[in-house]
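# Summary of the model geometry
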Amino acid sequence: QFARQRLSSCRYAIKNKKMACAEKPRIKVLDNVRKDFGVHEKDKKSVSIVVDPPAERGISFLQYDYEEKGRQSDQWMYFSAFKKVKRIVSGSENEPKKGSFFGSEFGYEDLEARRLEDYHYTLVKEEKYQGRDCWVIESIPVPERAQKSNYSKSVTWLDKQRHLALKVLLYNRQNKREKRITLRQVKKVNGVWTPFSLSINNLLTKRMSQIHLESVRYNLSVSDEFLTLRTLTDSAFRVAELKEYRAN
């Protein structure tokens, strides 16, 4: 997959029953490349690279997700100004990861792929959301996962037909609603149902972030080497490869 994304973040307020930025939003434009690996193609590697604003160009985030039970996602952040790679890890074995994705309301945990066996599920109800028939499913992490999670549970509105989450409520460890994730503008691209708008609202801090897909393409030829630490640190290699992916 290759996608051009626009990430915006701001403090928000409710005006005329609608949510709106209460300040000028901070905007970053990202190029994202992802590839599926493994026997069942359920391992995923992805990299997100800032292309605008110019002062932040080259700041990158690399993530590996694994199908293997009990194996945590690997994540690295590269700061181009300091030419340093930082591996994202929790404070200890029994603590969740802290920090945010490019200063947005998306936490590092929010970006990780979920494994079905890491949660217990309850069908709460069935109802319409965004005009779609949905299952409303509560997910509670198993004890092993709970130690590494910032969330005590989540509630998901799952589109019955497209098998796509349209809304997710995340509850913190004090069992208070902390974040609301909403997916909209769903279109089929190369046979894949794809949300072109993904927003996350922090209900406690009153801040929100949105990822808008400006373009996305699937089934591209992506080299394995591009999804390595070399892409973070080797600017000439990164620029040359991105130029090719953008052109395809």
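Residues numbered from 1 in each chain as written. Predicted model: local features only at pLDDT ≥ 70, side-chain atom pairs only at ≥ 80, totals over all residues. Heavy atoms only, no water.

## So, the overall build of the chain
Regarding its fold elements, the chain presents four helices and 14 strands. Here the chain has a C-alpha radius of gyration of 18 Å; the compact-globule value for 248 residues is 18 Å, and the two agree. Its C-alpha atoms put the chain at 50 × 45 × 40 Å along the principal axes. Counting all 248 residues of the chain, 46% fall into the buried class. (Helix = DSSP H or I, 4+ residues; strand = E, 2+ residues; numbered from the N terminus. Rg over C-alpha atoms; globule rule 2.2 N^0.38 Å. Buried < 20%, exposed > 50% of the residue type's maximum accessible area, 1.4 Å probe, protein only.)

## A closer look at the pairing of strand β7 (residues 84–87)
Looking along a regular strand, one sees the side chains alternate between the two faces of the sheet. In terms of strand pairing, strand β6 (residues 74–79) meets β7 through four bridges, oriented antiparallel. Residue tyrosine 78 lies in a different strand from β7, and its bridge partner there is valine 85. In this structure, the hairpin formed by β6 and β7 is closed by a connection of four residues, where lysine 83 is found at a positive phi of approximately 55°. (Pairing = 2+ DSSP bridges.)

## A few points about the nonpolar core
Leu7, Phe61, Met77, Phe101 and Phe102 are the most contacted members of the largest nonpolar core, which has 18 residues in total. The set of elements that each furnish at least two residues to this core consists of β11 (165–172) and β12 (177–189). Core analysis: the next-biggest nonpolar cluster, separate from the first, contains 17 residues, Phe37, Leu62, Tyr66 and Tyr78 among them. (Core = buried A, V, L, I, M, F, W, Y, C linked by side-chain atoms within 4.5 Å.)

## Some points on the state of the cysteines
One pass over the full model with this rule turns up one disulfide. For cysteine 10, the disulfide goes to cysteine 21, at an S-S distance of 2.0 Å. When the S-S torsion is -80°, as for the bridge of cysteine 10 with cysteine 21, the disulfide is left-handed. In this pair, cysteine 10 sits in strand β1 (residues 2–15) while cysteine 21 sits in strand β2 (residues 18–21), placing the two residues eleven residues apart along the sequence. Taking the relative accessible area as the measure of exposure, cysteine 21 reaches 30% and is therefore partly exposed. (Disulfide = S-S within 2.5 Å.)

## Here's the deal with the packing of aromatic side chains
For the structure on display, the rule yields eight aromatic pairs. Between phenylalanine 61 and phenylalanine 101, the ring centres sit 5.4 Å apart and the planes meet at 80°, which makes this aromatic pair edge-to-face. Residue phenylalanine 61 is found in strand β5 (residues 60–65), and its partner phenylalanine 101 is found in the loop between β7 and α1 (108–111); the two are separated by 40 residues along the sequence. As far as burial versus exposure is concerned, phenylalanine 61 and phenylalanine 101 are alike and both buried. Ring centres of tyrosine 129 and tryptophan 157 lie 6.4 Å apart, and the angle between their planes is 50°; this geometry places the pair in the tilted category. Taken together, the positions of tyrosine 129 in strand β8 (residues 119–129) and tryptophan 157 in strand β10 (residues 151–159) put the pair 28 residues apart, joining distant regions of the chain. Tyrosine 129 gets classed as buried once you look at its relative accessible area, which sits at 14%. On the basis of relative accessibility, which here comes to 7%, the residue tryptophan 157 falls in the buried class. Among the aromatic residues, those joined into a cluster by ring pairs are Phe61, Phe101, Phe102 and Tyr108. (Phe/Tyr/Trp six-rings, centres within 6.5 Å; stacked < 30°, edge-to-face > 60°.)

## Quick word on the pattern of salt bridges
On inspection of all chains with the given rule, the structure shows 25 salt bridges. Between lysine 28 and glutamate 56 there is a salt bridge, with its nearest N and O atoms 3.5 Å apart. Of this pair, lysine 28 sits in strand β3 (residues 26–37) while glutamate 56 sits in the loop between β4 (43–52) and β5, and the two are 28 residues apart along the sequence. The shortest N-O distance in the salt bridge between aspartate 159 and arginine 132 comes to 2.9 Å. With aspartate 159 in strand β10 and arginine 132 in strand β9 (residues 132–141), this pair connects stretches of sequence that are 27 residues apart. The exposure class of aspartate 159 is buried, given its relative accessible area of 1%. For arginine 132, a relative accessible area of 22% gives the class partly exposed. Shared partners join several salt bridges into a network, and the residues in it are Arg11, Glu23, Glu105 and Arg207. (Salt bridge = Lys/Arg side-chain N within 4 Å of Asp/Glu carboxyl O.)

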